[in-house]
Amino acid sequence: MRLRSTSDKNNIATLKEAVLKGLADDGGLFVPLKIPKIKSNFIKNIHKYSFQRIAFEIAKTLLEKNIPENALKKIVNESINFDAPLIKLDKNIYTLELFHGPTLAFKDFGARFMSKLMTYFIKTSKQKLLILAATSGDTGSAVGNGFLNIKNTKVILLYPSGKVSKIQEQQLTTMNKNITALEINGTFDDCQRLVKEAFMNKEIKEKFAKNKILLSSANSINIARLIPQTFYYFYAYAQYLKLCKTHDTKLVFSVPSGNFGNLTAGLIAKKMGLPVKKFVASTNANDIFPKYLSNGKFNPKPSKKTISNAMDVGNPSNFARIQALYKNDIKKIREAIWSQSFSDQKTKKAIQEIYKNYNYIADPHGAVAYLGLKEYFKKHQGKNDIGIFLETAHPAKFLDIVEPILKKKIKIPPALLKCLKKKKTSIKLSKNFVDLKNALLQSFPTTP
Ligand SMILES: *Cc1c(COP(=O)(O)O)cnc(C)c1O
């Protein structure tokens, strides 16, 4: 697998470079130079394989010969060690539950795979690793968890003060050990900007280079986060085939989108040969992408606060990748993706509707995806279309939102209960870059 920067197609990197850097030096994002096809025989027989077997096959195909097979198998098996069941709700409507990992959100997939891959790459070079990540809620705990207790590794998480749920905050601020949570007096976009500034900062770069500290990112800008997210699109198809025994279907995936990493992974899966008719990019009031598809103009805006807060993104970072995958051709992007935005009020109604009709409790993000799927089907459903909306978080992570909507107590999984009892430890910081810079420069002991 070789990659290039979205800002400069002559800026080429190996997988190792791309994974360890996160962001390209020119500020662009890494995209694969070419996307290999999965063997058609494998797709035909995919329902016969386990999730881990599918994940390994996809990883092997994508990564080509970057990592010896045995090492890759170990990375896959250690990171993809929980299920992603496909649940049937209605004749043509399914949900893919992506919240069975340790922090109960789909970001566990990306974070766990990335941490294992990074650890593999730095093992030989005796470097220290400092991971810097902005989080709108779920990224932070997933990334922290992925790197928890790994030697010579520190993780610094930035989250917007007062803008994540209580449970998310507990998850972020109770890992401790090699994980530090910085509570930023600003928005998620401020956190993302601070991270970007840190990567561009010369003083940090030079000092860290001298001290063999590798600064890397763990946001969905890191290509290592996207790779494992392609696995479950294939696995969803495998489960569908097993249930329905027909290859004669057209898949429609509705993806609740913020930074569009999850959706971009789906696009890569499609390019590898997964039979997808359409992706629905479902967003909350942060409607930059649906606006772009309708009028051709990409206009980033400050993010708006909603009840699906992990999608409160005003400048989706993977937009550049989507453009690169389709050579900036909006016609092709429109062929692949349909998009719509939904208000909080509609989302609340959807949570009620899903519960009433299917006795299923959706979290606010999954509910937005459900709305997108329904709306797409209302307008464009074909005879053999099968809709799958992605459930990206366990509803218990959003108790304060879901319980009053359903007027019902939600059962909290044991791992979450334990975390809620722990004491919060965070460091409050302004949104001025100089404060973050000082915190970073003190993270590991350094010589000048
Ligand atoms: C991060 C997140 C999303 C958005 O995913 P992107 O890849 O950023 O589009 C959706 N739902 C949940 C629960 C999330 O944590």
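Before reading further, recall that the structure is shown in the block above.
Residues numbered from 1 in each chain as written. Predicted model: local features only at pLDDT ≥ 70, side-chain atom pairs only at ≥ 80, totals over all residues. Heavy atoms only, no water.

K.L.:
I'd like a rundown of the pairing of strand 4 (residues 86-90), residues and numbers included.
P.N.:
Bridge count between strand 4 and strand 5 (residues 93-97): four bridges; the pairing is antiparallel. Looking at the pairing, Ile 87 lines up with Thr 95 of strand 5. (Pairing = 2+ DSSP bridges. Helix = DSSP H or I, 4+ residues; strand = E, 2+ residues; numbered from the N terminus.)

K.L.:
Tell me about the pattern of salt bridges, residues and numbers included.
P.N.:
For the coordinates displayed, the defined rule picks out 19 salt bridges. Through salt bridges that share partners, Lys 39, Arg 53, Glu 57, Lys 60 and Glu 69 make up one connected network. (Salt bridge = Lys/Arg side-chain N within 4 Å of Asp/Glu carboxyl O.)

K.L.:
Got a sec to walk through the environment of Asp 385? Specific residues and values, please.
P.N.:
Within the secondary structure, Asp 385 sits in strand 13 (residues 385-391). Taking the relative accessible area as the measure of exposure, Asp 385 reaches 2% and is therefore buried. Expressed as a C-alpha distance, the spacing of Asp 385 and Val 276, which sit 109 residues apart in the sequence, is 9.7 Å. Among residues more than four places away in sequence, those in contact with Asp 385 are Asn 92, Lys 250, Val 252, Lys 277, Phe 377 and His 380. Side chain to side chain, Asp 385 and Lys 277 meet in a polar contact 2.5 Å long. Engagement of the side chain of Asp 385 in a polar contact is seen with the backbone nitrogen of Gly 382, the distance being 2.8 Å. (Buried < 20%, exposed > 50% of the residue type's maximum accessible area, 1.4 Å probe, protein only. Contact = heavy atoms within 4.5 Å. Polar contact = N/O pair within 3.5 Å; in protein donor to acceptor, adjacent residues only side chain to side chain.)

K.L.:
Break down the nonpolar core for me, citing the residues and quoting the values.
P.N.:
Judged by nonpolar contacts, the single largest core of 99 residues is most densely connected at Tyr 233, Phe 234, Phe 253, Phe 289, Ile 337 and Ile 388. Tallying contributions element by element places helix 10 (residues 223-244) first for this core, with 14 residues. Once you skip the residues sitting within four places of it in the chain, Phe 289 turns out to touch Phe 260, Ala 281, Phe 319, Ile 322, Ile 333, Ile 337 and Ser 339. Among the nonpolar cores identified, the runner-up in size contains 37 residues, and Tyr 358, Phe 377, Phe 389 and Ile 405 belong to it. (Core = buried A, V, L, I, M, F, W, Y, C linked by side-chain atoms within 4.5 Å.)

K.L.:
Give a detailed account of the packing of helix 5 (residues 107-122) against helix 10, specifying residues and quantitative values.
P.N.:
Contact geometry of helix 5 with helix 10 gives a least axis separation of 7 Å together with a crossing angle of 125°. It follows that helix 5 is oblique to helix 10 by the angle criterion. Crossing of helix 5 against helix 10: the hand is right-handed. On helix 10, the residues that touch Lys 107, Phe 109, Gly 110, Ala 111, Phe 113, Met 114 and Leu 117 of helix 5 are Ala 224, Arg 225, Ile 227, Pro 228, Gln 229, Phe 231 and Tyr 232. The class makeup of the residues in the contact of helix 5 with helix 10 is 10 nonpolar, two polar and two charged. (Axes fitted to C-alpha atoms, helices over the stretch in contact; angles between N-to-C directions. Parallel < 35°, antiparallel > 145°, perpendicular 65-115°, else oblique. Left-handed = near helix turned anticlockwise from the far one by under 90°. Nonpolar A, V, L, I, M, F, W, Y, C, P; charged D, E, K, R; others polar.)

K.L.:
How would you explain the site of the ligand if you had to name every residue and give the values?
P.N.:
Within the structure, the ligand sits among 15 residues, and Lys 107, Asp 138, Gly 258, Phe 260 and Thr 392 are positioned closest to it. One nitrogen or oxygen atom from the main chain of Asn 262 is found 2.9 Å from an oxygen atom belonging to the ligand. Thr 392 is positioned such that a nitrogen or oxygen atom in its side chain is 2.8 Å from a nitrogen atom of the ligand. When the ligand is considered free in solution it has 380 Å² of accessible area, and contact with the protein chains removes 97% of it. Under a 2 Å grid-point criterion requiring more than half of the atoms, the pocket assigned to the ligand is the largest cavity. For the shell around the ligand, the class distribution of residues is six nonpolar, seven polar and two charged. (Near = heavy atom within 4 Å. Areas by Shrake-Rupley, 256 points an atom, 1.4 Å probe, with all protein chains shown as cover. 1 Å grid on protein atoms, 1.4 Å probe; cavity = no way out; pocket = protein on both sides within 12 Å on 5 of 7 lines; lining within 4 Å. Sits in = over half its atoms within 2 Å of the grid points.)

K.L.:
Account for the packing of aromatic side chains, with residues named and values stated.
P.N.:
Counted according to the given criterion, the structure contains 21 aromatic pairs. Ring centres 4.1 Å apart and planes at 10° place the aromatic pair Phe 51 and Tyr 235 in the stacked group. Highlighted residues: Phe 51 in helix 3 (residues 51-63) and Tyr 235 in helix 10, separated in sequence by 184 residues. Among the residues examined, Phe 51 registers a relative accessible area of 7% and is labelled buried. Exposure remark for Tyr 235: the relative accessible area of 11% places this residue in the buried category. Among the aromatic residues, ring-to-ring pairing joins Phe 51, Phe 82, Phe 109, Tyr 232, Tyr 233, Tyr 235, Phe 253 and Phe 279 into one connected group. Here the basic side chain of Lys 154 rests over the ring of Phe 444, its NZ or CZ set 4.7 Å away from the ring centre. (Phe/Tyr/Trp six-rings, centres within 6.5 Å; stacked < 30°, edge-to-face > 60°. Lys NZ or Arg CZ within 6 Å of the ring centre and 35° of its normal.)

By themselves, these observations are geometric and do not establish any function.
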